[in-house]
Amino acid sequence: AAAADIAPAAAEDAEDAEDEDYDPFASSLTVPENVPGLEGVLYLHGLFPDDFLNELDALRHATPVTLASQNMYAHRRFLRAPDLAAKLLGYLPPHLGLTHVLSDLRFIEYPPGGHILAHVDGVRMDDVTFTNSTTSMLLFTEDVPEGEGGETEFLALAPAGQEQEACKVLFGARPCRGGILLFPHGVPHRGNCVGLHQKVLLRGDLY
């Protein structure tokens with residue numbers, strides 16, 4: 001399913017997060033607590049060993065590049081890899097309650113200037129279990145230094161027609177090698193413009 005464009009929220013319409021002490025970028029590696037709109041959003045670190053990340057690097061380079069979709073400036077590399085999907089699931093903590101990673105995966109590479117517009121992710125049906133996915137996965141395989149852009153920014157919802165420039169950012173996750181973002185498909189987000197350091201990730205879907 002293709003990603004669906006959404007209209008992000010105006011900065012003035014989410015009073016719960018408007019406290020003068022609130023800073024959505026207090027840590028770009030930790031999801032802030034008790035922020036409406038970030039329910040179910042997780043950014044986990046230290047789950048994947050270096051050998052596995054190196055394996056992903058080699059697999060990415062061996063997978064052909066395809067064109068990006070119209071709402072993004074990036075390169076994508078699609079693969080169907082049930083063994084890799086099972087291996088990914090094995091590294092996730094059981095208490096998360098996730099039981100399956102779909103075998104259709106894709107590497108996404110954002111070069112300098114790369115980005116993706118605000119959207120929500122589409123649901124995918126597993127072609128073996130015929131079960132719909134519920135959760136998006138972004139596993140970063142490259143570090144992006146602080147101040148170099150590339151954050152995955154989670155946004156509050158807004159009425160249709162709201163200008164994107166007025167969107168409210170709830171949290172911006174800076175890419176960190178081995179860090180994995182997990183979030184419900186319906187959470188609006190975008191990929192901030194990348195600076196000089198490319199942003200690289202493995203994208204997948206789970207339930």
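Note that the structure is predicted; figures quoted are calculated from it, not measured.

1. Regarding the overall build of the protein
1) Next: Along the protein, the regular secondary structure elements total two helices and twelve strands.
2) Next: Seen in sequence order, the protein has helices and strands lined up from the N terminus as β-β-α-β-β-α-β-β-β-β-β-β-β-β.
3) Next: A burial count over the protein gives 48% of its 207 residues as buried.
4) Next: If you take every contact in the protein between residues at least 6 apart in sequence, the share linking residues at least 24 apart comes to 81%.
5) Next: Only carbon and sulfur atoms are counted for the fraction: they give 54% of the accessible area of the protein, which is about 10,000 Å².

2. Re the side chain of arginine 174
1) Next: Mapped onto the elements, arginine 174 comes out in the loop between strand 9 (169-173) and strand 10 (180-184).
2) Next: Accessibility expressed as a relative area gives 15% for arginine 174, which makes it buried.
3) Next: If near-sequence neighbours (up to four positions away) are discounted, arginine 174 is found in contact with Ser28, Leu29, Tyr43, Val144, Pro145, Glu146 and Glu151.

3. Some remarks on unusual backbone geometry
1) Next: The backbone of asparagine 34 shows a phi angle near 60 degrees, a positive value even though the residue is not glycine.
2) Next: Structurally, asparagine 34 can be placed in the loop between strand 1 (4-5) and strand 2 (42-44).
3) Next: On the basis of relative accessibility, which here comes to 77%, the residue asparagine 34 falls in the exposed class.
4) Next: Positive phi is not limited to glycine here, since phenylalanine 130 has a value of about 55 degrees.
5) Next: With respect to the helices and strands, phenylalanine 130 occurs in the loop between strand 6 (115-120) and strand 7 (135-140).
6) Next: The class of phenylalanine 130 is exposed, set by a relative accessible area of 58%.

4. Some remarks on the side chain of lysine 199
1) Next: With respect to the element layout, lysine 199 can be found in strand 12 (residues 199-206).
2) Next: One buried charge, lysine 199, has no salt-bridge partner; the nearest side chain with opposite charge is glutamate 151, at 7.6 Å.
3) Next: A polar contact is formed between the side chain of lysine 199 and the backbone oxygen of glycine 150, at a distance of 2.9 Å.
4) Next: Apart from residues no more than four positions distant in its own chain, lysine 199 is found in contact with Ile108, Glu109, Tyr110, Phe140, Val144, Gly150, Glu151, Thr152, Pro175, Gly191 and Val194.

5. Here we look at the pattern of salt bridges
1) Next: Summed over all chains, the structure comprises 13 salt bridges.
2) Next: Where glutamate 109 meets arginine 77, a salt bridge forms, and the shortest distance between an N and an O atom there is 2.7 Å. Taken as a pair, glutamate 109 in strand 5 (residues 104-110) and arginine 77 in strand 4 (residues 75-80) lie far apart in primary sequence, 32 residues in all.
3) Next: For arginine 77, a relative accessible area of 12% corresponds to the buried category.
4) Next: A salt bridge links aspartate 205 to arginine 203; the nearest nitrogen and oxygen atoms lie 3.1 Å apart.
5) Next: Given the relative accessible area of 8%, arginine 203 is considered buried.
6) Next: It is possible to trace a salt-bridge network through shared partners that takes in Arg106, Asp121, Arg124, Arg203 and Asp205.

6. What about helix 2 (residues 82-91)?
1) Next: Taken together, the buried positions of helix 2 are Leu84, Ala85 and Leu88. The buried side chains of helix 2 occupy one side of the element, clustering within an arc of 100 degrees when seen end-on. Exposed and oriented more than 90 degrees from the buried face of helix 2 are Asp83 and Gly90.
2) Next: Buried positions along helix 2 lie against helix 1 (50-62), strand 4, strand 5, strand 7 and strand 12.

Conventions used here
- Residues numbered from 1 in each chain as written.
- Predicted model: local features only at pLDDT ≥ 70, side-chain atom pairs only at ≥ 80, totals over all residues.
- Heavy atoms only, no water.
- Helix = DSSP H or I, 4+ residues; strand = E, 2+ residues; numbered from the N terminus.
- Buried < 20%, exposed > 50% of the residue type's maximum accessible area, 1.4 Å probe, protein only.
- Contact = heavy atoms within 4.5 Å.
- Areas by Shrake-Rupley, 256 points an atom, 1.4 Å probe, with all protein chains shown as cover.
- Lys, Arg positive; Asp, Glu negative; His and termini not counted.
- Salt bridge = Lys/Arg side-chain N within 4 Å of Asp/Glu carboxyl O.
- Polar contact = N/O pair within 3.5 Å; in protein donor to acceptor, adjacent residues only side chain to side chain.
- Arc of directions from axis to C-beta.

Interpretation in functional terms is not warranted from these geometric data alone.
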